[in-house]
Structure formats: structure tokens, C-alpha cells
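Take a look at the letters that make up each chain.
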Amino acid sequence: MVIASDYEFEMENYMSFEEFDKFKKFSIDKQTPFVMIDLDIVAKKYDDLSKAMPQSDIYYAVKANPEIEVLKLLADKGSFFDVATIYEIDRVLELGVDPSRLSFGNTIKKARDIAYAYSKGVRLFSTDCESDVRKIAENAPESRVFCRIIAEGIGASWPLSRKFGCYPDMAIEVLTLAHQLGLKACGVSFHVGSQQYYISQWREALWDVKIVFDGTAERGIKLDFVNLGGGFPVRYNHPIPETIAYGAEIMEYMVEVFGDDIPKTIIEPGRYMTGDSGILVTEVVQISKKEAGGGRSWMYVDTGKFGGLIETLDECIRYPIYSERTGKMIPYIIAGPTCDSADIMYEKAPYMLPEAIHEGDRLYFFTTGAYTTTYSSVYFNGFPPLETYILQKCKESQ
Ligand SMILES: *Cc1c(COP(=O)(O)O)cnc(C)c1O
């Protein structure tokens, strides 16, 4: 049975045809596959979010897209950075960013990596357990720490629940221990799950945050900030709420939960900041059928699950796919080029694309600026890692 996708690509939802032609002009001579990043879009996203959430400091989650040009642009705009490893710390500090603008947001850390971060001037750490607090107290004395609590992640396309955080009763213990060990217990964080469609998930999480604020206050520890995490969505093949709606609604929840004693907030957008800025360009390698009498069409393109599209796992993230061919649309199963049978992106719900597509055609995966290039494997089957080009640089070099 063919389950046809209910989705057909419409360019107007992403850019004008004029803009697309410009993009094509700079991408035409590049060998596929690659992602082309438009920095103007990253800048706009940053500005939109600053306007929507003026009370919150923005800590860009570097893992979403650590391209130097992206980091530079955000650093120039005054962004803070959520970093997860000593490597991300070095990458951001090498741009001349002051270490006071960094948050070591990974709750899973080696003692020597904490010491390294401390030696570089990092003084803000995320934690979620007593063992980690002891490591921080020993290797980064007197630093500020915030405790991550578990959020359920319902409504997120790419949930991050369970692995990180602890329940509020445990968070109270963790922060109390931090305080006793001479650290500055300063806040609570959560992540509602990546690509979160339901703004109300922030409300659920904030009520749990409040439990921790009250529990620590009873012990004489005054927390002063809430880290609202990431999770702000981008436009894949469904419309999403306006950025301004997120800001307004989350602030309403803050008032509901904290009354007139509203703590400072920070946010850690990753996907939101860079997702929309990228277009992944692939070439159709092969089109085939498995049965002599008909059956479904398989389309193999020159990148796949091991070439940056791992978020198609379980068909969680459905990228908008564009072909320049027109005419009758038929359902395709879309798969990657490697010799691993897991390398199928879309099969359960195939994509409707033009029947006229030929081998050698280019296919454009929109909204691929986040969580693609860094997930790409290194020479599996000999395929080189997914390349990135920066649109602005292409323009300059012409
Ligand atoms: C990955 C991550 C983020 C970014 O999440 P998005 O859903 O991409 O916005 C933010 N904070 C932490 C701690 C993360 O690990």
C-alpha cells in the first residue's frame, strides 16, 4: 500500500523564486552534496528572537551549526553561547568571545574537561546530579551552577527527554549540595524537546521549575534565573507559530508561575537560529522499481542518513524537498547512496515529487541549516563529509 504524503512543496513558504534563482546562481558550479548557508537569514532569526524575547539573553546552542561564519556573526551581534565540550569552548573562544559569555551546558562532563573550561575562564555550568556537582566544586570552585530538570518533550519532533535532567525533588538536593560545596547555585534549566510545536510545554516545565525555586528558598538558597532551553521550531513541512507568539506566551507563563517576582531568563536556541538558513543540494543518482509489474518508485540521492540527514530517523524530521521539474506528481521512497540498508530517509510516508525527475537532476532539501553537516559521517563507504558553503562568500568571490 502506498501512503502518499499529504505534503507538496510550495516555494512561497520558504523564499521567492527570485531569491531561489540567486541562490542557484551561486550553487550551480558546486559539486553535490553540500549545504549552502545564507547568513542574512541567521541574522534575521537572531533579531526576530531578540525582539520577541527582549528579557532573555540568547545562548546559541553551538552544536546546531558550528560554522565559523555563523559563530562570528552571532558573536558580533552580542550573542552568548551554549557549549557542550572543550572543543566547542575552544572554537568560540578563538573568535575572541569573552569566556563570561559561555555556558557549559552539557550535564555529562569529565573532571578534567571541567578543569580545562575553568582554566579558560568559563564560570557557568549546567548540572543534573550530585556526582557532577562534586566534580564542578573541585575543578571549577565558586562557579555558578544551574540544575537541569526533566521535561517530557511531548509534541517535539526530536525529543531530548530522559537522558538529561532530574526530577524537581532531586534538583533541590543537587542545588543544595552545590551551595554547601561553595558553588553559586543560581538557577534551573530544562529543554522541552527539539522542534517543539506546543508552546504550552514551557508552561508545564515552568511549574516544575517553581517547585525547585521554592524548595531551595526554604533552605535559604535564592535562585535567580530560569534557563528556558531550546526547542523553538523551524518551518519544515508544517506551519509553525510566529516567533513573537512564543515570546509573548512564555512571558505570560512566567507571570502566571512567578507572579511579581520574575527571575531573569535565558534561552538556548539551536535549530531555530540556523535551520532556516540552509539548503542542502543533492543529485539524483538512480531511480528504480523493485517489481517487474510496477510497485513503488525508489529514488536514491547522493546524500542520506550518513551524509547529514540522520534526523530523518523514524522519519521524525520531514524536510521540504524541491525539484524544478513540473507535471504529474507520484510518490517516491527516498534513500541515500551508502551500502547500509538503514540509509533510507522516507519510506513509511513517501514524498510526492514530479514523475519527470531524471537521474542527474538536483533535488533541494530546504531548512537544512541545523543538525546536518555535523552529523555527517567521515568517509563511510568513502563518501567525504557533507560540505558547507556560505552564500555571502560565494557572492564576494564572483
Ligand atoms: C541541543 C541543545 C539546545 C538546542 O536545542 P534546539 O532544539 O536546537 O533549540 C539547547 N540547550 C541544550 C542544553 C542542548 O543540548
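Residues numbered from 1 in each chain as written. Predicted model: local features only at pLDDT ≥ 70, side-chain atom pairs only at ≥ 80, totals over all residues. Heavy atoms only, no water.

Draft legend 1. Fine view of the state of the cysteines. Using the criterion set out here, one finds zero disulfides in the structure. Note on C129: no disulfide assigned, nearest cysteine sulfur contributed by C166 at a separation of 8.1 Å. For C129, a relative accessible area of 26% puts it in the partly exposed group. Left unpaired, C166 is separated from the closest cysteine sulfur, that of C147, by 3.8 Å. (Disulfide = S-S within 2.5 Å. Buried < 20%, exposed > 50% of the residue type's maximum accessible area, 1.4 Å probe, protein only.)

Draft legend 2. Molecular detail of the side chain of R271. Here R271 is to be found in helix α10 (residues 271–274). Of the residues examined, R271 reaches a relative accessible area of 2% and is grouped as buried. Within the structure, the side chain of R271 is placed 3.1 Å from the side chain of S194, a separation counted as a polar contact. Side chain to side chain, R271 and E311 meet in a polar contact 2.8 Å long. Beyond its immediate chain neighbours, meaning those up to four positions away, R271 contacts A64, W158, S194, Q195, F232, V234, Y236, E311, I317, A370 and Y371. (Helix = DSSP H or I, 4+ residues; strand = E, 2+ residues; numbered from the N terminus. Polar contact = N/O pair within 3.5 Å; in protein donor to acceptor, adjacent residues only side chain to side chain. Contact = heavy atoms within 4.5 Å.)

Draft legend 3. Layout of the environment of G259. Considering the arrangement of structural elements, one finds G259 in the loop between α9 (243–258) and β11 (264–267). Residue G259 is classed as partly exposed on the basis of its relative accessible area, which comes to 33%. Along the chain, G259 and K163 lie 96 residues apart, while their C-alpha atoms are 31 Å from each other.

Draft legend 4. Looking closely at the site of the ligand. Surveying the vicinity of the ligand reveals 13 residues, the closest of which are K63, S194, E268, R271 and Y371. G270 places a polar main-chain atom, nitrogen or oxygen, 2.9 Å from an oxygen atom of the ligand. Starting from 390 Å² of accessible surface for the ligand in isolation, the protein chains cover 92%. (Near = heavy atom within 4 Å. Areas by Shrake-Rupley, 256 points an atom, 1.4 Å probe, with all protein chains shown as cover.)

Draft legend 5. Focus on the pattern of salt bridges. For the structure on display, the rule yields 16 salt bridges. A salt bridge links K45 to D276; the shortest N-O distance between them is 2.8 Å. Here the residue K45 occupies a position in helix α2 (residues 39–52), and D276 occupies one in the loop between α10 and β12 (278–291), the gap between them amounting to 231 residues. Taking relative accessible area as the criterion, K45 reaches 11% and is therefore assigned buried. K222 is the salt-bridge partner of D261, the closest N and O atoms lying 3.6 Å from each other. Here D261 is found in the loop between α9 and β11, whereas its partner K222 is found in the loop between α8 (200–218) and β10 (225–227), with 39 residues between them in sequence. Judged by its relative accessible area of 61%, K222 is exposed. (Salt bridge = Lys/Arg side-chain N within 4 Å of Asp/Glu carboxyl O.)

Draft legend 6. Structural context of the packing of α8 against α9. Between α8 and α9, whose axes approach to 9 Å, the crossing angle comes to 30 degrees. Judged on the interaxial angle alone, α9 and α8 are roughly parallel. The handedness of the crossing between α8 and α9 is right-handed. Contacts between α8 and α9 involve S200, W202, R203, L206, W207, V209, K210 and F213 from the first element and Y246, I250, Y253, M254, E256, V257 and F258 from the second. Its residues placed into classes, the contact of α8 with α9 shows 11 nonpolar, one polar and three charged. (Axes fitted to C-alpha atoms, helices over the stretch in contact; angles between N-to-C directions. Parallel < 35°, antiparallel > 145°, perpendicular 65-115°, else oblique. Left-handed = near helix turned anticlockwise from the far one by under 90°. Nonpolar A, V, L, I, M, F, W, Y, C, P; charged D, E, K, R; others polar.)

Draft legend 7. Seen up close, the nonpolar core. Among the nonpolar cores identified, the biggest contains 95 residues, and F81, F190, W202, L206 and L228 are the most heavily contacted of them. The leading source of residues in this core is α9, at seven residues. Beyond its immediate chain neighbours, meaning those up to four positions away, L206 contacts F190, V226, L228, I250, Y253, M254, V257 and F258. Judged by nonpolar contacts, the second largest core, of 16 residues, contains F20, I279, Y364 and C394. (Core = buried A, V, L, I, M, F, W, Y, C linked by side-chain atoms within 4.5 Å.)

Draft legend 8. Spotlight on the packing of aromatic side chains. Taken as a whole and assessed by the stated rule, the structure comprises 24 aromatic pairs. Residues F20 and F23 carry aromatic rings whose centres are separated by 5.6 Å and whose planes lie at 40 degrees to one another, so their mutual orientation is tilted. With a gap of three residues between them, F20 and F23 both fall in helix α1 (residues 17–27), about one helical turn apart. Classification of F20 by relative accessible area gives buried; the value is 1%. F23 sits in the buried class, given a relative accessible area of 4%. Between F306 and F380, the ring centres sit 4.9 Å apart and the planes meet at 65 degrees, which makes this aromatic pair edge-to-face. Of this pair, F306 sits in the loop between β13 (294–301) and β14 (321–322) while F380 sits in the loop between β17 (362–366) and β18 (387–390), placing them 74 residues apart in sequence. What makes F306 partly exposed here is its relative accessible area of 24%. (Phe/Tyr/Trp six-rings, centres within 6.5 Å; stacked < 30°, edge-to-face > 60°.)

Draft legend 9. Region of the structure containing the pairing of strand β2 (residues 56–61). Most of β2 sits inside the fold, with five of its six residues counted as buried. Alignment of β2 against β11, held across three bridges, turns out to be parallel. Note on β11: the bridge partner recorded for S56 is T265. Where β2 meets strand β3 (residues 80–83), three bridges bridge the pair, whose relative direction is parallel. Within β3, the position partnered with Y59 by the bridge is F80. Handedness of the β2-helix α3 (residues 68–76)-β3 crossover: right-handed. (Pairing = 2+ DSSP bridges. Right-handed = clockwise from strand over helix to strand, strands pointing away.)

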